[in-house]
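Analysis of the macromolecular model
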Amino acid sequence: MNSSYTIRKAVRRALCFGAVATAGSYAPLVAAQQPEPQPNQELEEITVTGSRIATDPNLISSSPVSQVSSEELTYRGITRVEDLINDLPQITPELSANESNGATGTATLDLRGLDSDRTLVLVNGHRMGFGDPFVLAPDVNQIPGALVDQVELLTGGASSTYGSDAMAGVVNFIMKDDFEGFQVDVQFSGYQHSQGNDSVQEQIDAAGFEQAPDDVTDGATTSINLIVGVNSEDGRGNLTGYLGYRDINAITQDSRDFSACALDSGDFDGTVCSGSATRFPALITDFSGTYFSVEGDEFVPWDGSYYNFGPLNYFQRPDERYTGGMFGKYEVDEHLEGYAEFMFMDDRSLAQIAPSGAFFVTSTINCSNAFLSDQQFAALGCTGDDDVVPFYIGRRAVEGGPRFDDLRHTSWRSLAGVRGAINDNWNYDVFANFARLTFSETYQNDMSTTRIIRALDVVADPTTGEPVCQSVIDGSDPTCVPWNIFQTDGVTQEAIDYLVLPLFSNAQLNQDQMVGFVEGDLTDLGLVSPWAENGIEMVVGAEYRDESFDFNPDQGFQSGDGAGQGGPIPPVTGSQNIKEVFTEFRVPIAEGLTALESLSLDLRYRYSDYSTGISADTYNIGGAWVPYEGIKFRGGYSRAVRAPNIREQFEPQNLGLWGGTDPCAGDTPELSPEECANTGVTAAQYGSVPSNPAGQYNAIFGGNPDLDAEKSDSYTIGAVFTPTQWLDGLTLSVDWWKIEIEDAIDEIQPEFLIRECAATGDPTICGLISRGPNGNLWLAQNAVVSTQVNIGFFDVSGVDLVGSYAFEAGGLGSFDLSFRGTWLDKFDQQPVPGGDVEQCAGEWGGSCERPRPEWKHLLNAVWTTPLDNLSVSAAWRYVGAVDEFILDRYTADAQHYLDLSGTYYADWFGEETVITAGVSNVLDNDPPVSGLFSNVSVFGNGNTIPATWDALGRYWFVNLTQRF
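Residues numbered from 1 in each chain as written. Predicted model: local features only at pLDDT ≥ 70, side-chain atom pairs only at ≥ 80, totals over all residues. Heavy atoms only, no water.

Spatially, the four strands line up as an open sheet ordered 32-33-38-37, and their pairing is mixed. The open sheet is flanked by strand 32 (654-659) and strand 37 (769-770), the only strands paired with a single partner. Both strand 32 and strand 33 (residues 696-701) contribute to a ladder of six bridges, which runs antiparallel. Along strand 33, the bridge assignment pairs Leu655 with Ile700. (Pairing = 2+ DSSP bridges. Helix = DSSP H or I, 4+ residues; strand = E, 2+ residues; numbered from the N terminus.)

Following the criterion strictly, the structure yields 43 salt bridges and no others. We note a salt bridge from Arg436 to Asp512, for which the minimum N-O separation is 2.7 Å. Placement of the pair is Arg436 in strand 23 (residues 426-444) and Asp512 in strand 26 (residues 503-521), with a sequence separation of 76 residues. Between Asp602 and Arg586 there is a salt bridge whose closest N-O contact spans 3.2 Å. Here Asp602, found in strand 29 (residues 596-610), pairs with Arg586, found in strand 28 (residues 572-593); they are 16 residues apart in sequence, far enough to count as distant. Like Asp602, the residue Arg586 is buried in the burial classification. (Salt bridge = Lys/Arg side-chain N within 4 Å of Asp/Glu carboxyl O. Buried < 20%, exposed > 50% of the residue type's maximum accessible area, 1.4 Å probe, protein only.)

By the burial criterion, the buried members of helix 7 (residues 449-456) are Thr449, Ile452, Ala455 and Leu456. The arc that holds every buried residue of helix 7, seen down its axis, measures 125°, which confines them to one face. Taken together, the buried residues of helix 7 touch strand 18 (357-359), strand 19 (365-366), strand 21 (392-396), strand 24 (458-460), strand 25 (467-469) and helix 9 (493-499). (Arc of directions from axis to C-beta. Contact = heavy atoms within 4.5 Å.)

The strand order 3-6-7-4-5 describes an open sheet built from five strands, whose pairing is mixed. Looking at the sheet topology across the chains shown, the edges are occupied by strand 3 (65-69) and strand 5 (126-127). As judged from the seven bridges shared by strand 6 (residues 148-155) and strand 7 (residues 169-175), these two strands associate in the antiparallel manner. In the strand pairing of strand 7, Val151 is matched with Phe173.

The next thing to look at is the packing of aromatic side chains. If you walk through the whole model with that rule in mind, you get 30 aromatic pairs. An angle of 55° between the planes, with centres 5.3 Å apart, marks the rings of Phe933 and Trp949 as tilted. Linking Phe933 in the loop between strand 49 (911-920) and strand 50 (954-963) with Trp949 in the loop between strand 49 and strand 50, this pair joins segments that are 16 residues apart in sequence. Take Trp949: its relative accessible area is 1%, and that puts it in the buried class. A connected cluster of aromatic rings, assembled from ring pairs, spans Phe287, Phe360, Tyr392 and Trp778. Sitting above the plane of the Tyr498 ring, Arg451 keeps its charged end 5.6 Å from the centroid. Directly above the ring of Phe551 sits Arg647, whose terminal nitrogen or CZ lies 5.7 Å from the centroid. (Phe/Tyr/Trp six-rings, centres within 6.5 Å; stacked < 30°, edge-to-face > 60°. Lys NZ or Arg CZ within 6 Å of the ring centre and 35° of its normal.)

The subject of this paragraph is a negative patch on the surface. Among the surface-exposed residues, Glu295, Asp297, Glu298 and Asp374 lie close enough to one another that they form a single negatively charged patch. Within the element layout of this structure, Asp374 appears in helix 6 (residues 374-379). For Asp374, a relative accessible area of 71% corresponds to the exposed category. (Patch = residues over 30% accessible without salt bridge, like charges linked within 9 Å, V, L, I, M, F, W, Y side chains within 5 Å. Areas by Shrake-Rupley, 256 points an atom, 1.4 Å probe, with all protein chains shown as cover. Lys, Arg positive; Asp, Glu negative; His and termini not counted. Charge placed at Lys NZ, Arg CZ, Asp CG, Glu CD.)

Here we come to the nonpolar core. Core analysis: the largest hydrophobic core is formed by 69 residues, its most contacted members being Ile143 and Phe173. Ranked by the residues each element gives to this core, the list is headed by helix 13 (residues 750-760), at four residues. Within the second largest apolar cluster, 34 residues are counted, among which are Phe299, Ala397, Trp483 and Ala495. (Core = buried A, V, L, I, M, F, W, Y, C linked by side-chain atoms within 4.5 Å.)

Counted by the stated rule, this structure contains ten cavities of 30 Å³ or more. In this structure, the largest cavity spans a volume of roughly 730 Å³. Around the largest cavity, the lining comprises 44 residues; the ones closest to its centre are Asp83, Asn86, Asp87, Ala947 and Asp950. Contributions of two or more residues to the lining of the largest cavity are made by helix 3 (81-86), strand 8 (181-194), strand 9 (215-231), strand 41 (814-830), strand 44 (855-864) and strand 45 (870-879). For the lining of the largest cavity, a count of residues per class yields 19 nonpolar, 16 polar and nine charged. (1 Å grid on protein atoms, 1.4 Å probe; cavity = no way out; pocket = protein on both sides within 12 Å on 5 of 7 lines; lining within 4 Å. Points joined across faces, edges and corners; volume = space filled by probe spheres on them. Nonpolar A, V, L, I, M, F, W, Y, C, P; charged D, E, K, R; others polar.)

Structure, rendered in structure tokens:
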């Protein structure tokens, strides 16, 4: 409820003992220990993430809830909320501002590495709407960072409280809703980097590519936020509004030495400058041993060089965001308080990659082509104009400039509700929550495959003798302009203008939610344990959600005519509604006894009925035991259910690209002839199957209307220690957690299917692989089928360690220390029911995808100096080492990052002024670098994985906050 509308009875004895022990605070700034409330004090009710039962703010729950305070946003100089959350050890970074090729333009959160679809994101305990038509998880770009009061993270299944999507847990952004006055917040930030990767620089020189500048300062970001708040004269109401503007400048990969060339991503070790075989000038090949390039008007033997596609790619996307909204509440009396929320965002981001081209989309060359010289005619083996020879063309259209994807998300979310006290023992809360997302996309500078084929089919005009498209002669396309790739500088602007195909798409995503519940204290009814003073508390409620999805790509997208799109992108339309009822009980079993200062039980249950024919029961059983003041033990079990979302059910199947390795390709295949034969490689093809130097292969992706719901079992056991009697200010907690997901909804990674087929010869799996005439998996329609299915399982477990200590140091001031660490003991997955189990803890790549280090931690220290108006902060971030899954070609070493900042408080204009400046990654560490990282789906960029590691160098910021 997060309510101020009612004040309960005096704080009960059960809440006074061991309260701090349940908090497990993760806040980087630890407030001074508060005195224990006196028996006649009254406290405001606060609902903690994971339950709708209101409780003392220190008595979190029987489940571990991590907290991040608003001060950490200030000390870290964060303008992108995901950057702060991604540094937490419980989070596996997913989508961020540092992807480009395939980026959605959004930022998502992923608890425990189980994907953002399984992490529920809330604002003030209420659902956020869809973030994007491609990744439905909420886009945290919508969160106004300047208005965040704190962030709470709950591990494990919370479906019984909030419904589907909470299988890995919940991230709840709690906003300031009692602000009074006017505040202006202005921040300038950016990156500084000094080049120091000698090995990559040597490779760049060897390849003849251009080096990055020695030192760069770039990526400037400007953030301006206004907050205004007013309280009503009677003190019963508050209205807090905000406006925000953020502008992020682009960083391209040519600005960093380790990304200035595209390192190899195929059969090598990822340390040699390579690139794409779709090159400039053209590569002409039959993929059977003959490879030509173009020099003047002749074919010359290909020198083995590739096109360096890296430099033009964005390392940080340019982004412009406007936000605005309000949070309001007014208490009529203790029986009625109205509250409302409104959030608006308009965000536009550009994703830029290398120019488009002819990606070997033609398989023949007509010998009558009017651009062929006599030497080229002979080199192709032509004997007459009527001949057609089997040669592919890979030609990068550098004359047309880079491709860029203009992505715009406009969203709003409105919520209105009423709550209050029915009587001394019962409260109610009813609200309606509406979220809308409008998505628009304009993809510029791609080329049309259809027009490429026509522009390469060139003959001599029978009247003038000039080169002309065959489609002009036969009238099928009178607008065709010949594309002369057979001569140096032969391409005209008219040809580029003809070939370029702008692509457009739009989407509308809606989510409506209605919730109502009552919360009651049953003490006065006599439902009290004989060993306790307080009775049972309960919640009973119902929820209704209506979700709809309408994605409309234009004909260019739908037909797959965009040469650089990897295949058709189909429209998706679908909707579903969910009806749910839920209940919760908090049962105090014993209080105030010897070795039983408090013992309580939490019970939750939810029944869900989906319009798609799925029904689900979810529940939670948790308990907390405080034997003596200063020590608490807690544990719980949750059953969670996630029904397939609209995209997983209704997306049509379509051709797309996956990054990785075909283990049967190349001169020396990784697998044996017998294993490759299982995947469709003949004895004659073995050793000559072409591999894609860019590490991109075809797959059939899409939804599945026959998906079952996935189910999870979550377990937590932990203890919290607050030894106030002998070391006041210290809090320590340790929590073991385990999440098991059955019938998980996912795509089986194509490379896994190839390897599983090779190893087992299973006809069901091998039937999903369709190779071309030369055994390839990346030309034409040759592909691996990888649609959404119910795979085997995920089994993930680990331990969270948390510590905080606040103390005075006499004349030296005071210190606040906090530590968060997560040991990932297990991340096992079974991609195929009954198949092999893959162990991904401490691994990256292949079907394990993103890095999953076994240990991550964040250590913060804040020194409030004797000057009172000056404080200094230092942080040590650690990301453990990870090995490449299965292949072991590259190990990313552990990374250490040092962050420093300082804050000065002043009284300018007669009001509070706060100036904060700092530097993250002070030592300017380079990230782990390998071309193999480009195989990790959209997350790999610039020869690294920038959401996991600091990729851009030192991050500096200066922030001014002025309050009036």
